[in-house]
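Tertiary structure, described
Letter by letter, the chains look like this.
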Amino acid sequence: MDRYEELVKEIALCKNCVLHEERNMAVAGSGSIGADLMLIGEGPGAEEDKNGVPFVGAAGRLLTDMLDAVDIDRDKLYVTNIVKCRPPKNRTPKDEEAAACLPYLQRQLEIIDPKVILLLGATALRYVLSPNLRITRDRGTWHQVDGRWIMATFHPAALLRDPRKKPDSFDDMVSLKLKIRELGLDV
Ligand code: URA
Ligand code: SF4
């Protein structure tokens, strides 16, 4: 078994935080293991928990549309979440749950080694970059960390709740596309 398959199996069996208690399936991630672009959300919702695949519900459909708008192919990227098991009623993950799960994300970053990361929403921004950043203020700004380019944008579920955020979200997708072009990546 290779490193990635091993990781997926560990996540499927993981009981390192309370979120394992109510999950149907853990959701490790999906997409291309050699991807130059990684997207990181918050945690699985109901559809994801049912199917074991991230971003397949309503927010996932909007995410696909956002990527389509700037001609980024979902097949060429890798998508995952801060926590791999669905929080009850889709509540925000707690600090101890994120802390328990982050070593898996760390391993995903080592194996997949993306050059560019798009953080979807406040939770991903908090745990990947810093709790001192704010999504409304700091979205759309590029950060260079460990040789990777990282930017946060609104979570698609936030766009569903408040469509007035869509123009800013589109600006961020254009900025993502430009970064991919500038770096000459195959996405
Ligand atoms: N919201 C997320 O943050 N992740 C998913 O996989 C689905 C919805
Ligand atoms: Fe394990 Fe992460 Fe699921 Fe918690 S959320 S049980 S740490 S896989």
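Right, let's walk through the structure included here.

Thresholds, definitions, all that
Residues numbered from 1 in each chain as written. Chains lettered and ligands numbered in written order. Predicted model: local features only at pLDDT ≥ 70, side-chain atom pairs only at ≥ 80, totals over all residues. Heavy atoms only, no water. Helix = DSSP H or I, 4+ residues; strand = E, 2+ residues; numbered from the N terminus. Rg over C-alpha atoms; globule rule 2.2 N^0.38 Å. Buried < 20%, exposed > 50% of the residue type's maximum accessible area, 1.4 Å probe, protein only. Contact = heavy atoms within 4.5 Å. Areas by Shrake-Rupley, 256 points an atom, 1.4 Å probe, with all protein chains shown as cover. Lys, Arg positive; Asp, Glu negative; His and termini not counted. Charge placed at Lys NZ, Arg CZ, Asp CG, Glu CD. Salt bridge = Lys/Arg side-chain N within 4 Å of Asp/Glu carboxyl O. Near = heavy atom within 4 Å. Polar contact = N/O pair within 3.5 Å; in protein donor to acceptor, adjacent residues only side chain to side chain. Nonpolar A, V, L, I, M, F, W, Y, C, P; charged D, E, K, R; others polar.

Points about the overall build of the protein chain
Helices and strands together make up the secondary structure of the protein chain, namely eight helices and six strands. Across the protein chain, helices and strands are ordered from the amino to the carboxyl terminus as α-β-β-α-α-β-α-β-α-α-β-β-α-α. For 187 residues, the compact-globule estimate of 2.2 N^0.38 gives 16 Å, and the protein chain sits close to it at 15 Å. The principal-axis extents of the C-alpha atoms in the protein chain amount to approximately 40 × 35 × 30 Å. A total of 187 residues make up the protein chain; the buried ones form 49% of that total. Long-range pairs, those at least 24 residues apart, make up 74% of the contacts in the protein chain with a sequence separation of at least 6. When the accessible surface of the protein chain is summed, it comes to about 9200 Å², and 48% of that surface belongs to carbon and sulfur atoms. For the protein chain, the centre of its 27 positive side-chain charges and the centre of its 29 negative side-chain charges are spaced 4 Å apart.

Some thoughts on the pattern of salt bridges
The final tally for this structure, using the stated rule, is 13 salt bridges. Where Lys165 meets Asp162, a salt bridge forms, and the shortest distance between an N and an O atom there is 3.3 Å. Judged by its relative accessible area of 18%, Asp162 is buried.

Some thoughts on the site of ligand 1
Taken together, the residues surrounding ligand 1 are Gly41, Glu42, Gly43, Glu48, Pro54, Phe55, Asn81 and His155. Contact distances for ligand 1 include 2.9 Å between an oxygen atom and a backbone N or O atom of Phe55. Interatomic distance of 2.8 Å between a side-chain N/O atom of His155 and an oxygen atom of ligand 1. The fraction of the free accessible surface of ligand 1 (240 Å²) that becomes covered by protein chains is 92%. Broken down by class, the residue content of the shell around ligand 1 amounts to two nonpolar, four polar and two charged.

Description of the environment of Tyr78
As for its position among the elements, Tyr78 is in strand S3 (residues 78-81). Under the relative-accessibility criterion, Tyr78 is labelled buried at 0%. Along the chain, Tyr78 and Ala26 lie 52 residues apart, while their C-alpha atoms are 16 Å from each other. Here the side chain of Tyr78 touches Tyr4 through a polar contact of 2.6 Å, side chain to side chain.

With respect to the site of ligand 2
Near ligand 2 the following residues occur: Cys14, Asn16, Cys17, His20, Arg23, Lys84, Cys85, Ala100, Cys101 and Tyr104. Taken together, the residues that form the shell around ligand 2 break down as six nonpolar, two polar and two charged.

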